[in-house]
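# Close look at the chain arrangement
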Amino acid sequence: MALFKTRGVVYKPVKDVNLASDSTEVYLQANVKAPRMTGILVKVFTWFLESRIFGTLLLYILKGNNLIHTLITNAELEESPLYVPAHHFEDHKEQEVKSLDSGLTPQEQVQLAIECLPTSSEKAQNEANTSFSRWTIMDYYKAYSSEAITPRAVAERFIAAVDESSKAPLSMGFFINYNPEDIRRQADESTLRYQKGEPISVLDGIPVAVKDEIDCLPYPTTGGTKWLQKERSCIDDACCVKRLRLCGAILVGKTNMHELGVGTSGINPHYGAARNPYDANKIAGGSSSGSAAVVSAGLCPVALGVDGGGSVRMPAALCGVVGLKPTFDRVPHSGVLPLNWTVGMVGILAGTVEDALITYAAISGEIPSEQPSGILTKINLPLLSFSKSIRDIKLAKYDKWFDDCSDEVRLCCTQALTELQDYYGWKTIDVTLPDIEAMRLAHYLTIGSECSTWFDSFGEKHVAELGWDARVALSVYGSFSSKEYIKAQKLRNRQAKFHKKIFAKADVIVSPTTGVTAYSIQDDALKTGELDYINGAALVRYSISGNFLGLPAVTVAVGYDKLGLPIGLQFIGRPWAEATLIHLAFSMQTICLSKYRKPKIFYDLLRKY
């Protein structure tokens, strides 16, 4: 294709780029040129892509039309490649925190997290005027400890709710796999511990769901496919699951996900679409769609997901819950499918910031035996309070990027940010973040190359068993060259330097979480999946730096659009500064509590005890 070679961008050296608000850097909006396709159209398109005659030419045209050749393939830049977004530990001297000693057990870390929560009287006073609030981990723990209800009774309610939600007319598609007898067994063990007055931790008896990308016995790990469990057996719990199990949590099953995590809608042709509890005709978002939906619907206070390109934060925002993605390597990745090993990270979906904090405390921390240097990173937990918050916070905001979303998202997030500033006296710093569209494409190329490499280990024998949209994705992923991959890693290094400069002046970067709210599930997409790269680009617009650069990020619900669909605001932080992010998310949640609305599909597992 050298005859048709497109001229690439010549990127200025990082030192010559102005990141201030008066920068002349041009903001380039996503240049997605691909029509929405489902049904017979996506099948024909897949046939052309997989054809030796037409596929190469079609892929070349698609990459060119979507500026991959201009911004990456033929680009010139001086930075060296950065292949893994690992960060040397740096103590940011965060405010109002409790530091955890190394070597603590998950139970001990959870106990210290409980000591960081607001007092019960504070909580009751602050929630007095709320029209809707979710049952929290502490609510379950107090109900169990007072013998008002048992884990076994909650388990029975959970099983009945999942059974109802999985059938017509709801067909919510929350779970790929759940085992009532295993749930009852765990619940009976937890009930006995409470009867003896010996609960393991406040997580004892708490129902927790797990994305089907994470190993959790006794279930196979399918990755949203119909075949993966035949090639890869699940023989042990993932590290994050082990830590929750050590705390007494009831692991209630494997949640639905976009097949192989290669899409943003959560529509899975094999297991059905994971539907949004605020409107069952809308998407839940992907790829951790089921995990977000079960938390939103009240089935679990928390669930685990994996965030490779906003895959925790995006569905969390669309479903009106909290989504926390820690720093790269903060939570061990062992036992998680290696679909995208330098951008995918275990994350938490929770009904409240407080529950996200407790779960974060349970699963965080390196495995000492895997740290040859013996140097462990310090974990800080935020001391949360309704009456005060941390001081002198500086929020970096890039106006052109912040506003590149639907009018309803922009107005809602702008109002939430204004309320946050006015209430706490925090300042916004106007900045410029260059080459955001180039970063999106570089991340796409990276996550695609890694997924394609992983899939190649199984050969081509399972291609026909994939959904049509997954086949298209893998065809595109397989077209990326080593040259393009290396150029993408150069852009990763370049963006890491830009963000480091921003964080020298600001504590966090603030943005909407998604560019649009949840869109409708079309019937024609249920069997084939769908190709909707325009909506997909809008959904991931604000998520990429968290994955590509390994930065921690959190989303919290701040309002609704005119249809009553949730809108999220996102904070992106410095490496290892999760405590500051949780502080900010809690502060934002406190302001928004009175606005929160109950989903249309909601199960009250602690009703009247």
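A few points on the structure. Every chain begins its residue count from 1, and numbering advances along the sequence as written. pLDDT decides what is reported in this predicted model: residues at 70 or higher carry local features, side-chain atom pairs at 80 or more are listed and counted, and totals for whole chains, interfaces and linings draw on all residues regardless. To obtain the side-chain values, all non-hydrogen atoms of the structure were included, while hydrogens and water were left out.

Labels follow the DSSP assignment, with helices taken as runs of H or I lasting at least four residues and strands as runs of E lasting at least two, numbered in each case from the N terminus. The helix and strand tally for the protein chain stands at 21 helices and 17 strands. Atoms counted for the radius of gyration: C-alpha only. Globule rule: 2.2 Å times residue count to the power 0.38. A compact globule built from 609 residues should have a C-alpha radius of gyration of about 25 Å, and the protein chain, at 23 Å, falls within 12% of that. In terms of overall dimensions, the protein chain has C-alpha extents of about 75 × 55 × 50 Å along its principal axes. A simple rule labels every residue: compare its accessible area, found with a 1.4 Å probe on the protein chains alone, to the largest value its type can have, and call it buried under 20%, exposed over 50%, or partly exposed in between. Within the protein chain, buried positions represent 62% of all 609 residues. Residue contacts follow a heavy-atom distance rule, with two residues in contact if any of their heavy atoms lie within 4.5 Å. Put simply, 82% of the contacts in the protein chain that link residues at least 6 apart link residues at least 24 apart. The accessible surface values rely on the Shrake-Rupley method and a 1.4 Å probe; as for residues, cover is taken only from the protein chains in view. Carbon and sulfur atoms make up 53% of the accessible area of the protein chain, which amounts to about 22900 Å² in all. Within this scheme the basic residues Lys and Arg register as positive and the acidic residues Asp and Glu register as negative, but His and the chain ends are omitted. A charged residue contributes its charge at one atom only: NZ of Lys, CZ of Arg, CG of Asp or CD of Glu. Once the 64 positive and 66 negative side-chain charges of the protein chain are each reduced to a mean point, those two points are 3 Å apart.

Let us look at helix 4 (residues 106–114). Residues of helix 4 that are buried include every one of Pro-106, Gln-109, Val-110, Ala-113 and Ile-114, and no others. What you see down the axis of helix 4 is that its buried residues fit within an arc of 145 degrees, all on one side. Contacts from the buried residues of helix 4 go to strand 1 (97–100), helix 6 (137–145), helix 10 (239–246), helix 13 (353–363) and strand 12 (379–382). When we speak of the arc, we mean the arc of directions from the helix axis to the C-beta atoms.

As a further point, take a nonpolar patch on the surface. Patches here are clusters of residues that have more than 30% relative accessible area and form no salt bridge, with a 9 Å joining cutoff for like charges and a 5 Å cutoff for nonpolar side chains (Val, Leu, Ile, Met, Phe, Trp, Tyr). Should a side-chain nitrogen of Lys or Arg be within 4 Å of a carboxyl oxygen of Asp or Glu, the pair is scored as a salt bridge. A cluster of nonpolar side chains, Ile-40, Leu-41, Val-44, Trp-47, Phe-48, Ile-53 and Phe-54, forms an exposed patch at the surface whose accessible area comes to about 750 Å². Secondary-structure assignment places Leu-41 in helix 1 (residues 39–50). The exposure class of Leu-41 is exposed, given its relative accessible area of 52%.

This part takes up the sheet that holds strand 2 (residues 175–177). Sheet strands associate in pairs through backbone hydrogen bonding, adopting either a parallel or an antiparallel arrangement. The mixed open sheet is built from eleven strands, whose spatial order is 2-4-3-9-11-10-16-17-15-13-14. What marks the edges here is a single partner per strand, and that holds for strand 2 and strand 14 (427–430). For this sheet, the mean inter-axis angle between neighbouring strands, taken without regard to orientation, is 35 degrees. For two strands to be treated as a pair, DSSP must find no fewer than two bridges joining them. As paired strands, strand 13 (residues 394–397) and strand 14 are joined by four bridges and run parallel to one another. Bridging across to strand 14, Lys-394 finds its partner in Lys-427. All axes here are fitted lines through C-alpha atoms, helices being fitted over the stretch that makes contact, and every angle between N-to-C directions spans 0 to 180 degrees.

This part takes up the packing of helix 16 (residues 436–456) against helix 18 (residues 482–503). Direction vectors running N to C along helix 16 and helix 18 enclose 130 degrees, while the axes themselves pass 9 Å from each other. In terms of axis orientation, helix 16 runs oblique to helix 18. Crossing hand, helix 16 versus helix 18: left-handed. Residues Ala-438, Met-439, Ala-442, Leu-445, Thr-446, Ser-449 and Glu-450 of helix 16 lie in contact with helix 18, whose contacting residues are Glu-484, Tyr-485, Ala-488, Gln-489, Leu-491, Arg-492, Gln-495 and His-499. Roughly parallel means an angle under 35 degrees; roughly antiparallel means over 145; roughly perpendicular covers 65 to 115; every other angle is labelled oblique. Handedness of a helix crossing follows the sense of rotation of the near helix relative to the far helix, less than a right angle counterclockwise being left-handed and clockwise being right-handed.

Before going further, it helps to spend a moment on the pairing of strand 13. Where strand 13 meets strand 15 (residues 508–512), two bridges bridge the pair, whose relative direction is parallel. Following the sheet pairing, Leu-395 is matched in strand 15 by Val-508.

Relative to the assigned elements, His-462 resides in the loop between helix 16 and helix 17 (468–477). For His-462, a relative accessible area of 7% puts it in the buried group. When residues no more than four places from it in sequence are discounted, the contact partners of His-462 are Trp-227 and Glu-231. Pairs of N or O atoms within 3.5 Å make up the polar contacts considered here, provided that, within protein, one atom can donate a hydrogen while the other can accept it, and that residues adjacent in sequence are counted only when both atoms are side-chain atoms. A polar contact of 2.7 Å, which involves the side chain of His-462, links it to the side chain of Glu-465.

Following the criterion strictly, the structure yields 34 salt bridges and no others. Among the ionic pairs, Glu-484 bridges to Lys-63, the shortest N-O distance being 3.2 Å. With Glu-484 in helix 18 and Lys-63 in helix 2 (residues 55–65), this residue pair connects regions lying 421 residues apart in the sequence. Salt-bridge contacts for Glu-115 lead to Lys-98; the nearest nitrogen and oxygen are separated by 3.6 Å. Highlighted residues: Glu-115 in the loop between helix 4 and helix 5 (120–126) and Lys-98 in strand 1, separated in sequence by 17 residues.

Within 6.5 Å between ring centres, the rings of Phe, Tyr and Trp (the latter by its six-membered ring) count as paired, and their orientation is classed by plane angle as stacked under 30 degrees, edge-to-face over 60, tilted in between. Within the structure shown, the criterion is met by 22 aromatic pairs. Judged by centre distance (5.9 Å) and plane angle (45 degrees), the rings of Phe-175 and Tyr-178 are tilted. Charges are assigned to positions over rings by a cutoff of 6 Å between ring centre and Lys NZ or Arg CZ, combined with an angular limit of 35 degrees from the ring normal. Looking at Lys-397, its charged tip hangs above the ring of Phe-402, at a distance of 4.7 Å from the centre.

Along the chain, Ser-102 falls in the loop between strand 1 and helix 4. With 367 residues separating them along the chain, Ser-102 and Asp-469 place their C-alpha atoms 45 Å apart.

In short, the description is geometric, and any link to function would need to be established separately.
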